[in-house]
Structure formats: C-alpha cells, structure tokens
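Listed below are the residues making up each chain.
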Amino acid sequence: METTNGAIAAGTHAPYTRVLGRSGIEVSGLGFGCWAIGGPWQGPDGSPLGWGKVDDEESVCAVRRALDLGVTFFDTADVYGTGHSERVLGRALGRRRADVVVATKWGNRFDEESKVLTGGDDSPAYVRRALTASLARLGTDYVDLYQLHLSDADPERAALLRDACEDLVREGLIRAYAWSTDDPGRAAVFAEGPHCAAVQHRCNILQDAPDMLVLCEKSELASINRSPLAMGLLTGKYVPGSTLASGDIRSAPPSWLSGFAAGGGADPHWLARVEAVRSVLTSRGRTLAQGALAWLWARSPRTVPIPGFRTVAQAEENAGALEFGPLAEEELAEIGRVLGF
Ligand SMILES: NC(=O)c1ccc[n+]([C@@H]2O[C@H](COP(=O)([O-])OP(=O)(O)OC[C@H]3O[C@@H](n4cnc5c(N)ncnc54)[C@H](OP(=O)(O)O)[C@@H]3O)[C@@H](O)[C@H]2O)c1
C-alpha cells in the first residue's frame, strides 16, 4: 500500500535486497546513514561537523519505522556526534540488533564531553581500542562491517590495519571490513584481505564514481554509497536562495563538500541539473529522492545507497524506494543523455 509521499506500509512488500560483496551478508537494498542523527559536534577550530540539532526521540522512531519497512542495514561511525549516533542507534535497535547488519567506522579520535574531533589515528593498536568503545556504545558484542574512516590514510599503514581487521574477524568481533575512501587505489589495498566486503564511497547522480565501480566489480566488493542524495540536493527541497542553519556542516562547507557554498546555500548549477532529470526520476510514482536511489541501483548491481535521515517522514520516503527497485534501462540511459555521461 502506498501513501501520498511514496512511502510504503509495513508488511506489504518483499524488500529489495543486495549482498555485501564476497561476504555473502544479505542486506536490504539500502542502508540508513546515521551521521545526521549524531547531532552537533565540531572540529578543533569550532567548525560544525554535524548537521545541527536533532531530536533523539524522533531519531529512534525513524530507525524503528525503517525496521518495520524492511530496512536491515545501518551505517554509523564512532565519531558521528562523538559517540552519540552509535548510542542512539544501539538504543533504537534494542533487541532487534540480531536482525540487522550494523556498520560503523574508526580512525578518528574525539572528546565525547566537549564534542570535539581531536585528530586521526592510523595505528593498529587503536583499531581494537576503538572497536571496544563502539561495541559498548552500540550495546552489542560484534560489528557486522567495520570501516576505516580515514579516507586518505597512507596505503602501507592501511595494509597493517587491514591485517588487524583479519585478526578481529578470526576473534568473532567483526564479520567483515571495508575502507571508506574515494580512491580506488586505496580501496584495492583493503580488497586484498579475504574478509574485505566493500568500499564506502561517494556516489550519486551528480557525482558519479565510474572507476570505483569498476574496482568493485573486479574485486567483488559492495559499493556502499555515501551522500546518495547529494546531502539533500536530490530531494528537491532546496531551491536557489535556500540557506542552512548555523551548526549544520552544509552552512560552512569544508573543501571536500560540494554543492553548497559558505553562507550561500545550495549551488544553483547543481539545482539546475537536478531539475533537468526530475521528470525521469519521478516517473512511475517515485518521489525525487526515491528516483535518486533507484538510479544508484540501476548504475551497478553492487551499489548499496545509505541515505541519511532525521525524521520518521524521511525514513518512510527513503525506505519506500525499496518498493520500486532500480530505474528501468531506458530511464538510466535518458539520465545519462541529459547529464552528458
Ligand atoms: N566519510 C564517510 O565515511 C562518510 C561521509 C559522508 C557520509 N557518510 C555516510 O553516508 C550517509 C549518507 O550521506 P549524507 O548524510 O552525506 O547525505 P545524503 O544521504 O545524501 O543526504 C541526507 C540528508 O538529506 C536530507 N534527506 C534525507 N532524506 C530525505 C527525504 N526523503 N526528503 C527530504 N530530505 C531528506 C536530510 O537532511 P536535511 O533534512 O537536513 O536536509 C538528510 O540528513 C551518512 O549518514 C553516513 O552514514 C559517510
């Protein structure tokens, strides 16, 4: 049964699923990204690294609604909200933890009290310490997918971290691991480990990642897609002149964050590209956000988008994409023609 915003009612569909690379771990076709629900946190210079204020009760309800709608995959990181995201996710999952696949990340050091990121740590000794702390916050005794969060880490050092992850797999503390990086060369270093299941990287209609998708195919990795909605631009709610609240990372974007300008809101050129593909994405009853997720599924059989959320309504709409599955081949081709891929 479909509601007005394209969401689905619980129990009315067989959810669209995918497998996390060579691990064989099955997940719903999309995961829920838990960065925003971590709430506010800052860099050492006071710049916002979260998405501003959140309502924890709403976050818990959103996670539980997602579970009811067939979502079985959740992505967080120890540093999101300096531990808060992991705590909220653990609370929301409660006894249903065994029914889902939990991915978290390590590599950043932070102060939970002051909510400040204090730096990175690529030492093998820190992997185990960080994992122990994540397990306590999540309220679990294993992590399904453990991910290195230092996207530009030195590849030789990262090989040692990969080997440390193999030890953790042997001990039953994690089931598989991945690197969150946009560099296929770095992802290939992790792919050499037998229990490496995925790479997490940016991919969306406005920021394609063809080289990484080739690597995923060659190395049998899942392609876990961060920022699948281009940090909100692909939901259609931002218009030229929209601005973001202070405390939201998009209001003072760091150099790696594209599509939003400091103090200037959403980039009009990006918004124009969204408008150019709106009619294809929203065909057959999909909302714009659902169409953006459907594009990722059509792009490769290995993709698993992990859209962020902060409300029950967003959870319902995003989970509703599972009912539609991938774009049709001709829709994918039409998007390519319009955007010039
Ligand atoms: N380095 C890394 O490893 C890394 C980096 C980035 C992200 N990630 C992961 O990827 C996940 C997703 O990426 P992302 O958070 O960058 O961006 P995204 O998924 O592209 O955008 C998420 C944001 O869009 C808005 N939104 C979501 N669904 C919506 C809907 N149906 N209608 C209207 N607005 C909606 C929400 O923000 P507003 O309501 O505030 O607009 C939400 O926080 C993160 O949560 C995190 O788990 C990892």
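Residues numbered from 1 in each chain as written. Predicted model: local features only at pLDDT ≥ 70, side-chain atom pairs only at ≥ 80, totals over all residues.

Here's the deal with the nonpolar core
The biggest cluster of nonpolar side chains holds 101 residues, and the ones touching the most others in it are Ala66, Leu145, Ala178, Ala197, Ala198, Leu234 and Ala292. It is helix α8 (residues 288–299) that provides the largest number of residues to this core, a total of eight residues. (Core = buried A, V, L, I, M, F, W, Y, C linked by C-beta atoms within 7 Å. Buried ≥ 20, exposed ≤ 12 C-beta atoms within 10 Å, placed from the backbone. Helix = DSSP H or I, 4+ residues; strand = E, 2+ residues; numbered from the N terminus.)

Some details on the packing of helix α3 (residues 124–138) against helix α4 (residues 155–170)
In a packed pair of helices, the relevant descriptors are the angle between the two axes and the axis-to-axis distance. Across the interface, α3 lies against α4 with an axial gap of 9 Å and an inter-helix angle of 45 degrees. As far as their axial angle goes, α4 and α3 are oblique. Remark: the crossing between α3 and α4 carries right-handed chirality. Along its contact with α3, which presents Pro124, Val127 and Leu131, the element α4 presents Leu160, Leu161, Ala164, Cys165 and Leu168. Grouping the amino acids of the contact of α3 with α4 by side-chain chemistry returns eight nonpolar, no polar and no charged. (Axes fitted to C-alpha atoms, helices over the stretch in contact; angles between N-to-C directions. Parallel < 35°, antiparallel > 145°, perpendicular 65-115°, else oblique. Left-handed = near helix turned anticlockwise from the far one by under 90°. Contact = placed C-beta atoms within 7 Å. Nonpolar A, V, L, I, M, F, W, Y, C, P; charged D, E, K, R; others polar.)

Structural notes on the pairing of strand β10 (residues 196–202)
The buried fraction of β10 is high, at seven of seven residues. Pairing of β10 with strand β11 (residues 222–226) involves five bridges; the strand directions are parallel. Each residue of the ladder has a partner; that of Val199, found in β11, is Ser223. Between the parallel elements β10 and β11, the chain passes through helix α6 (residues 210–219) in a crossover that is right-handed. (Pairing = 2+ DSSP bridges. Right-handed = clockwise from strand over helix to strand, strands pointing away.)

Notes on the sheet that holds β10
Read from one edge to the other, the open sheet built from eight strands follows the order β3-β4-β5-β8-β9-β10-β11-β14, with strand pairing classed as parallel. Edge strands, defined here as strands with exactly one partner in the open sheet, are β3 (32–33) and β14 (303–305). Together, β8 (143–148), β9 (174–180) and β10 form the strand contacts of α4, whose direction differs from that of β9 by roughly 160 degrees. Its contacts with the sheet place helix α5 (residues 184–191) against β9 and β10, and it is angled at close to 160 degrees to β9.

Things to note about the UniProt feature "domain: NADP-dependent oxidoreductase" (unreviewed entry) in the protein chain
Cross-referencing UniProt, the feature "domain: NADP-dependent oxidoreductase" (unreviewed entry) maps to residues 30–336 in the present numbering. The distance separating the terminal C-alpha atoms of residues 30–336 is 22 Å; by composition the span is 39% helix and 17% strand. (UniProt positions renumbered as here; feature names shortened; annotations may be inferred.)

Description of the pairing of β9
Buried residues dominate β9, accounting for seven of its seven residues. Where β8 lies against β9, five bridges are found, and the strand directions are parallel. Looking across to β9, one finds that Leu148 is bridged to Trp179. As defined by bridge partners, β9 adjoins β10 across four bridges and the pair is classed as parallel. Looking at β10, one finds that Ser180 is bridged to Gln200. Regarding topology, α5 serves as the crossover connection from β9 to the parallel β10, and that connection is right-handed.

Looking at helix α9 (residues 312–324)
The element α9 is largely enclosed, with a buried count of eleven among its 13 residues. In this structure, the buried residues of α9 make contact with β2 (25–28), α1 (56–68) and α8. Phi for Gly325, located one or two positions after α9, is positive at around 70 degrees.

Points about the site of the ligand
Contacts to the ligand come from 28 residues, most closely from Gly33, Trp35, Arg226, Leu229 and Gly308. If one sorts the elements of the shell around the ligand by residue count, α9 sits on top with three residues. Its residues assigned to classes, the shell around the ligand comprises twelve nonpolar, eleven polar and five charged. (Near = placed C-beta within 6 Å.)

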